[in-house]
Every structure is written in structure tokens, then in C-alpha cells.
Amino acid sequence: HDWMDAYELGLVYRPVEGLKTYVKGSRFHRSPFCDELSYTQDGEFLDPETGASVDIGFEWEFLDEFSFMANGWGMVMEDEIFFDPVLLPFGYNSNSPAKTRRIGLDTGLSWRRDKVAEASVRYNVVHADFGSGEYHGKDVPYVPNHRVRLEGGGWIVDDLKVKGGYTYPSSQFVSGDYANVYDGLPAYSLFDLGVYYEPSWAEGWMASFVVDNLFDRNYCDYAGPGYYYPACGRSFMFTVSYEF
């Protein structure tokens, strides 16, 4: 067990109708759980992750059908938990050898005309590195610097919508590569397509059928020095939900 404190303080200000601005600061923690190998190679338990973050941003709804958002943020963490494949015989999790830092920007633009069509674009840029020690200035593994998400769709009839999406994560260093010396994971592109049915005669209900990795792309989204896990090929998901 661990005893720790977590805090969050935020302020929201709406200067005009349709515009929300905010600033938020927080201190957080996360204890490792058993399934992620919560002990070290020496049999000691991992230390909990701790960190602090700050966010500042806004959300703006304009011209009735458009919305735009931007959020700048920064984060510093101690004892971040990584899987280290170098620790033999099978690899173990370990706490970060130094503080880790992240600074980023999330932004997005969307348009929606109900029962006609909708479209959106979201972009995320982040720089993550070690703040001190042997790997000072090196990129944190498994963090893509850029991520893009595009979505678009339209209503075939009032109750039936078709929507497609495109996702692009940029290249990233593999797990455990603190020194940034191994070949990284290359960037990849994925497409998805879904059909969504919300019957007007059954308010709150929705059924959907979604195809992920539409073109059955062969790619890898997790790897370490000398090994990799191939990602899922084309997959299908059927969902029925009720919202109340």
C-alpha cells in the first residue's frame, strides 16, 4: 500500500457566450499494479509514479456549427514506470532513471450540421524527454511527437449515419531505449469506418458497426530492442448502447 496526496485546482472563465477559457494545475500519483510486474529484478516493489501538471486552454463555439479548441500543457514526473527488456532473463519493469518532462499542445476544429454531415480534425504535438541524469535531453520512449486524427461523415437518413476516420501517429523510440540508439517504430496510417443507427422511436438507444484498420495494414505499435508485437489487423466491433 502507498499513502500519497493528490491535488487539483482549476478556474473556468466564460468571457462571452460560446467561449470557455480555463487553467488547471494538479499533482497526481499512480501505484503499479500486479499485472504490470510491480517488482524489480531484485525483488523489490516499484516506487509509485508521482507528478505535477498544468493546463491552459479554451473551447470556442462559433457560427452555430463550428467549434475550435486548444490546450497547452506541461508535466513533470518522478519514478515513471517503464518496461526494461535489458533486465534479464525476461525483462522487468523499472522506475525511470531520472525525472521525465512533457510539454505539448492539443488542438482541434470541428463542424457539425445535425442530420446532414460532420467533420473534424485534431492535432497533438508533444516533446517528452529526461530532465536529468545520464539520459538528460534524450526522448522518452514510446511517445510519438505528432498525432493527427481526421473524421468525417454524413447521415444517409435521419436515423442512420456513416462516419470514417484516419489516424496518424509519428515515429517513436521503442520501449526501454532510454539512450535513443535503437531503430525506432516508424510512423503509420490507419483508417476506420463505422455505421451508426439511432432510432427515433427508441430515444437513448444506439447500435453501431465499426471496422478498425480498414485496409488491414501490417504495422507495429509496440516494440523493444530485439522484439516487437504486431498490432491487430482488420477488426470488427458491433455495439448496442443505451444512454440515460
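In the block above lies the structure referred to throughout.
Residues numbered from 1 in each chain as written. Predicted model: local features only at pLDDT ≥ 70, side-chain atom pairs only at ≥ 80, totals over all residues. Heavy atoms only, no water.

Asker: I would appreciate a short explanation of the overall build of the protein in the present structure.
Answerer: In terms of helices and strands, the protein carries zero helices and 15 strands. Within the protein, the proportion of its 244 residues that are buried is 36%. Pairs at least 24 apart in sequence give 53% of the contacts found in the protein among residues at least 6 apart. For the protein, the computed accessible surface area is about 15300 Å², with 58% contributed by carbon and sulfur atoms. A gap of 5 Å separates the mean positions of the 19 positive and 37 negative side-chain charges of the protein. (Helix = DSSP H or I, 4+ residues; strand = E, 2+ residues; numbered from the N terminus. Buried < 20%, exposed > 50% of the residue type's maximum accessible area, 1.4 Å probe, protein only. Contact = heavy atoms within 4.5 Å. Areas by Shrake-Rupley, 256 points an atom, 1.4 Å probe, with all protein chains shown as cover. Lys, Arg positive; Asp, Glu negative; His and termini not counted. Charge placed at Lys NZ, Arg CZ, Asp CG, Glu CD.)

Asker: Just checking my understanding: could you explain the sheet that holds strand S1 (residues 7–13) for this structure?
Answerer: Sheet strands pair by backbone hydrogen bonding; their relative direction is either parallel or antiparallel. The sheet built from 11 strands is open, its strands ordered S1-S2-S3-S4-S7-S8-S9-S10-S11-S12-S15 with antiparallel pairing. If you trace the sheet from one side to the other, it starts and ends with S1 and strand S15 (235–242), each paired once. When strand polarity is set aside, the average angle formed by the axes of neighbouring strands in this sheet is 15°. Examined bridge by bridge, strand S9 (residues 146–157) and strand S10 (residues 160–169) share 10 bridges and lie antiparallel to one another. Among the inter-strand pairings, Gly-152 is bridged to a residue of S10, identified as Gly-164. (Pairing = 2+ DSSP bridges. Axes fitted to C-alpha atoms, helices over the stretch in contact; angles between N-to-C directions.)

Asker: In this structure, what is going on with the pairing of strand S8 (residues 117–130)? I would like to understand it.
Answerer: Pairing analysis gives 14 bridges linking strand S7 (residues 100–113) to S8, with the strands arranged antiparallel. Following the sheet pairing, Arg-112 is matched in S8 by Glu-118. From the end of S7 to the start of S8, which pair antiparallel, there are three residues, and Lys-115 there has a positive phi angle of about 70°.

Asker: What exactly am I supposed to notice about the pattern of salt bridges here?
Answerer: Side chains that carry opposite charge are capable of pairing whenever their charged atoms lie near each other. In the structure shown here, the tally under the stated rule is 14 salt bridges. Residues Glu-118 and Lys-163 are paired through a salt bridge, measuring 3.8 Å at the closest nitrogen-oxygen approach. Pair noted here: Glu-118 is in strand S8 and Lys-163 is in strand S10, with a separation of 45 residues, a long-range link. Classification of Lys-163 by relative accessible area gives buried; the value is 18%. Where Glu-151 meets Arg-149, a salt bridge forms, and the shortest distance between an N and an O atom there is 3.0 Å. With relative accessibility at 27%, the residue Glu-151 sits in the partly exposed group. Through salt bridges with shared partners, a single network forms among Arg-112, Asp-114, Glu-118, Arg-149, Glu-151, Lys-161, Lys-163 and Asp-192. (Salt bridge = Lys/Arg side-chain N within 4 Å of Asp/Glu carboxyl O.)

Asker: Please explain the environment of Thr-239 as it appears in this structure.
Answerer: For Thr-239, the location among the structural elements is in strand S15. For Thr-239, a relative accessible area of 27% gives the class partly exposed. Measuring from C-alpha to C-alpha, the distance between Thr-239 and Tyr-196 comes to 9.4 Å, with 43 residues separating the pair along the chain. If sequence neighbours within four positions are ignored, Thr-239 has contacts with Met-206, Ala-207 and Ser-208.

Asker: Honestly, the nonpolar core in this entry has me stumped. Any pointers?
Answerer: Soluble globular proteins tend to pack their nonpolar side chains together in the buried interior. Counting nine residues, the largest nonpolar core consists of Trp-73, Phe-82, Val-126, Ala-128, Phe-130, Tyr-135, Val-140, Val-143 and Tyr-178. With three residues, S8 is the largest single contributor of residues to this core. Setting aside chain neighbours within four positions, we find Ala-128 in contact with Arg-101, Arg-102, Lys-138, Asp-139, Val-140 and Val-143. (Core = buried A, V, L, I, M, F, W, Y, C linked by side-chain atoms within 4.5 Å.)

Asker: Explain the packing of aromatic side chains to me, please; I cannot follow it from the model alone.
Answerer: Centre distance and the angle of the planes are the two values used to describe a pair of aromatic rings. Counted according to the given criterion, the structure contains 17 aromatic pairs. With a centroid separation of 6.3 Å and an interplanar angle of 55°, the aromatic rings of Phe-82 and Phe-130 are classed as tilted. Note that Phe-82 is positioned in strand S5 (residues 81–84) and Phe-130 in strand S8, a separation of 48 residues in sequence. The class for Phe-82 is buried, based on a relative accessible area of 9%. When its relative accessible area of 0% is taken as the criterion, Phe-130 is described as buried. Taken together, a centroid distance of 5.2 Å and an interplanar angle of 90° make the contact between Tyr-142 and Tyr-222 edge-to-face. Here Tyr-142, found in the loop between S8 and S9, pairs with Tyr-222, found in strand S13 (residues 220–224); they are 80 residues apart in sequence, far enough to count as distant. Relative accessible area serves as the criterion here: at 38%, Tyr-142 is assigned to the partly exposed category. The class of Tyr-222 is partly exposed, set by a relative accessible area of 22%. Each residue in the set Phe-82, Phe-130, Tyr-135 and Tyr-178 is aromatic and connected to the rest through ring pairs, giving one cluster. (Phe/Tyr/Trp six-rings, centres within 6.5 Å; stacked < 30°, edge-to-face > 60°.)

The quantities given are spatial measurements derived from coordinates; they are silent on function.
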